[in-house]
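An overview of the molecular structure
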Amino acid sequence: MNRFDGQYKLRLRDNIGNPDVLNFRFQDIDKRVGSLEDVDKTWEAAVDKLNKTGSEQVNAALAPVYARIQAFASLNTVFSARSSTEIPLEEGRVTLIVDADDRTYFAPAAYISGFVFNDLSRAWLGKTVSYDSTTGALEVDIDRVTGVGQGANWQIHAASATDNASAAAAAAQAAATATTASDAAVAAAATIGEKTTLATTAATDAVAARDAAASSATLVSQIRAAVQSMNDEVRANYSAFNERYLGAKAADPMKTNSGAALTNGILYYNTTVGEMRIFKSSIGGWVAAYISAPDTPVTTVFGRDGVVGAADGDYNAAQIVVDPSENITSTRVAAALEEIAAAAAAKASPATTLAGYGITDAYTKDEIDVAIGDGITDKADKATTLAGYGIADAYTKDEIDTAVSSKADASAVYTKGQVDTALSGKATKATTLAGYGIADAYKKSEVDTAMNSLSGSIATGLGNKADKATTLAGYGIADAYKKSEVDSALQGKANATDVTTALAGKQATLGFTPLDAAAYTAADVMAKVKANDGSGSGLDADTLDGLHAASFYSNASQVGAAMVNLGLGGIGTYGFFNGPMGGAGATVAGSTLSWADGDNEWTGTHPTGTWRRCGYIADSDDTTLFQRIA
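What comes next is a walk through the structure. All values derive from a computational prediction rather than experimental measurement.

As for the packing of aromatic side chains
Tallying each qualifying case throughout the model produces 8 aromatic pairs. Here the aromatic rings of Phe577 and Trp595 are separated by 4.3 Å at their centres, their planes lie at 50°, and the arrangement is tilted. Taken as a pair, Phe577 in strand β17 (residues 574-578) and Trp595 in strand β19 (residues 594-595) lie far apart in primary sequence, 18 residues in all. Grouped by ring-pair contacts, the aromatic residues Phe577, Trp595, Trp611 and Phe626 constitute a single cluster.

Some words on the nonpolar core
By size, the foremost hydrophobic cluster in this structure holds 17 residues, and its most contacted members are Ile87, Leu96, Ile112, Trp124, Leu138, Val140 and Trp154. Look past the residues within four positions of Ile87 in its chain and what remains in contact with it is Val94, Leu96, Trp124, Ile142, Gly149, Gln150, Gly151 and Trp154. Counting 10 residues, the second-largest nonpolar core is a separate cluster that includes Phe241, Tyr245, Met276 and Val287.

Brief notes about the side chain of Glu275
Relative to the elements of secondary structure, Glu275 occurs in strand β11 (residues 275-280). Within polar-contact distance, the side chain of Glu275 engages the side chain of Arg277 at 2.8 Å. Filtering out sequence-adjacent residues up to four positions away, Glu275 remains in contact with Tyr268, Tyr269, Asn270 and Ala288.

A look at the pattern of salt bridges
Summed over the entire model, instances satisfying the criterion amount to 7 salt bridges. Notably, a salt bridge pairs Arg93 with Glu139, separated by 3.7 Å at the nearest N-O pair. Here Glu139 lies in strand β6 (residues 137-146) and Arg93 lies in strand β3 (residues 92-97), a separation of 46 residues in the sequence. Several salt bridges share partner residues, and in doing so they unite Arg93, Glu139 and Asp141 into one network.

Regarding a nonpolar patch on the surface
Taken together, Tyr395, Ile400 and Val404 make up a surface patch of nonpolar side chains, about 330 Å² in accessible area. Along the chain, Tyr395 turns up in the loop between α9 (386-389) and α10 (397-405). Residue Tyr395 is classed as exposed on the basis of its relative accessible area of 62%.

Details of the pairing of β11
The buried fraction of β11 is high, at 6 of 6 residues. Every second residue of β11 is oriented toward a common face, with Glu275, Arg277 and Phe279 on one face and Met276, Ile278 and Lys280 on the other, all of them buried. Strand direction decides the pairing type here: strand β10 (residues 267-270) and β11, joined by 4 bridges, are antiparallel. In the strand pairing of β11, Tyr268 is matched with Arg277. Bridge analysis of β11 against strand β12 (residues 285-288) gives 4 bridges, and the strand direction is antiparallel. When the sheet's bridge partners are listed, Lys280 is paired in β12 with Gly285. The turn linking β11 back onto β12 is made up of 4 residues, and Gly284 within it adopts a positive phi angle of 100°.

Quick word on the sheet that holds strand β5 (residues 119-131)
Note on sheets: strands pair through backbone hydrogen bonds, and any given pair is parallel or antiparallel. One open sheet holds the 6 strands; their spatial order is β1-β8-β4-β5-β6-β3, and the pairing between them is antiparallel. Two strands bound the open sheet, and with one partner strand each, they are β1 (81-83) and β3. The average angle at which neighbouring strand axes cross in this sheet is 40°, direction not considered. For strand β4 (residues 111-116) and strand β8 (residues 154-158), the ladder comprises 5 bridges, and the chain directions are antiparallel. Across the sheet, Gly114 pairs through a bridge with Ile156, a residue of β8.

So, unusual backbone geometry
Positive phi, normally seen in glycine, also occurs at Asn153, with a value near 55°. Note that Asn153 resides in the loop between β7 (150-151) and β8.

As for the sheet that holds strand β18 (residues 587-589)
On the basis of which strands lie adjacent, the open sheet formed by 5 strands has the order β18-β20-β21-β17-β19 and antiparallel pairing. Across the chains shown, the open sheet's two edge strands, defined by having one partner strand only, are β18 and β19. Both β17 and strand β21 (residues 623-628) contribute to a ladder of 5 bridges, which runs antiparallel. By the bridge assignment for β21, Asn578 is matched with Thr623.

Some details on the environment of Thr85
In this structure, Thr85 sits in the loop between β1 and β2 (87-88). Placed 10 residues apart in sequence, Thr85 and Thr95 show a C-alpha to C-alpha distance of 8.4 Å. Those residues in contact with Thr85 that sit more than four places away from it in its chain are Thr95, Leu96, Ile97, Gly151, Ala152 and Trp154. Reaching out from Thr85, the side chain makes a polar contact with the backbone nitrogen of Ile97 at a distance of 2.9 Å.

Parameters at a glance
- Residues numbered from 1 in each chain as written.
- Predicted model: local features only at pLDDT ≥ 70, side-chain atom pairs only at ≥ 80, totals over all residues.
- Heavy atoms only, no water.
- Phe/Tyr/Trp six-rings, centres within 6.5 Å; stacked < 30°, edge-to-face > 60°.
- Helix = DSSP H or I, 4+ residues; strand = E, 2+ residues; numbered from the N terminus.
- Core = buried A, V, L, I, M, F, W, Y, C linked by side-chain atoms within 4.5 Å.
- Buried < 20%, exposed > 50% of the residue type's maximum accessible area, 1.4 Å probe, protein only.
- Contact = heavy atoms within 4.5 Å.
- Polar contact = N/O pair within 3.5 Å; in protein donor to acceptor, adjacent residues only side chain to side chain.
- Salt bridge = Lys/Arg side-chain N within 4 Å of Asp/Glu carboxyl O.
- Patch = residues over 30% accessible without salt bridge, like charges linked within 9 Å, V, L, I, M, F, W, Y side chains within 5 Å.
- Areas by Shrake-Rupley, 256 points an atom, 1.4 Å probe, with all protein chains shown as cover.
- Pairing = 2+ DSSP bridges.
- Axes fitted to C-alpha atoms, helices over the stretch in contact; angles between N-to-C directions.

Dropping the structure here:
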């Protein structure tokens, strides 16, 4: 019955350092050989010799390998392990669960170390308390830590409680010993081959002596094959070990011992720096395989014994490591503080004024208020009446309408020439009869003389008569206007009837045809004026809506000066603001705007009044030009 594939054959990952792996194979062989002891002595002697010789050679070949591999396993210089268990970085007993892929072949040393993958700043060292390869539970008493906080994704390796350098040297010596053991295994295999040949010959002779020896020959052949297989396994294991642990070297190797490409997990001992190194392609190549303990046991820290906690003054800023963040790139506190100081030096100190920030290209609120005040103090408040503007040398519309209403209608007034012509035949105003050329009337003096001469006869007749007088008041008349009153009322007036009568038949004398007043109303005259108005007409006006030319701007310079005097934020002025989104032409309240510049930066200060958007705001951060319209 062939039991090699099922029971005897060793696999690459079998732990030949475990005695049980080989013992059950040898026990089975021993039982099978023992079952042949009752066979005829002729071949029994050959089998005994073969069994004894084969066992001795197998033990001689495998015992050194077993001893060396067991030594390597106890030192943990070959195998490492990983654990995803998250634990705090602090002293005390913890339990880590070794990853399933590493449990079977991991043999923890008496003192081990662990560091976070890709982060040597967080690590611990401690004593191995217990390990269960079935569950992966690894119990450790941690007595030293580096870093703070929590950690996971641990890389676990063998370490030394007192001297890691000596532990690494031991690992190198162990590798050399393993090489010697491998050579011994090869030599032993050759001896086994020779002895097996003799045993086979003896078995063949025994079979010739008795048919029962045939089964023994088969057994011997199986034993030979098993020994050869074990030899091959030993060679393969050593070859794999030689590729996994490259031995002691002065510099990082570029290839394995066989010249193959490096793969993750390969180890070697660097004699230059005195540390075990492991190859990890994910972080760029060779790195320290474990955290080295000090060459001598640590008994005090900063001159203090026992469980020592950090105290003020233990470290300076250049010794404290920090994780870079935001715009800080330094990993040391001192350098990070220098970066922060440099960044702070480039910033302005907090201030509440333009001067505090050193801004010289902007006006303060007080300056703007003064500028606006100076620009408008000589301006009148907007008004709709002459009184509102304080104008005293002009008539209001009502005053003009009243004055005009007392005048003759323009359509009924003759020209000065016409009036002068019409009055040329009239007497000049006088105070005496002679002044008017009256000859058929007595003067007052003449009447008085005559009356005096007749005083006797006439006095009685005139007793009931009023005394002669020259005024209405003299006669006691109260229901008539005095001449002076009539003259005052009629001053500048012409009697249309008298003038028309006086001028009747005088057309030829005037030399022109008088205009028909009825046909030339104010509207007719206005229409003719408008028909001839415009450039070159020569028409001029003394006032416009009651205002003289001085009240209006007549050139661009005057308009520009007026715009300057409006001051910042005055009606008609422009400004850059951030405000509500929308297109050009919309009007917005000044309270929704913030003074801004052309780079979409604004101050948060709001103007007054109503403004018209002159551009387009597509985003709440945009700015554009506005004009104040009210």
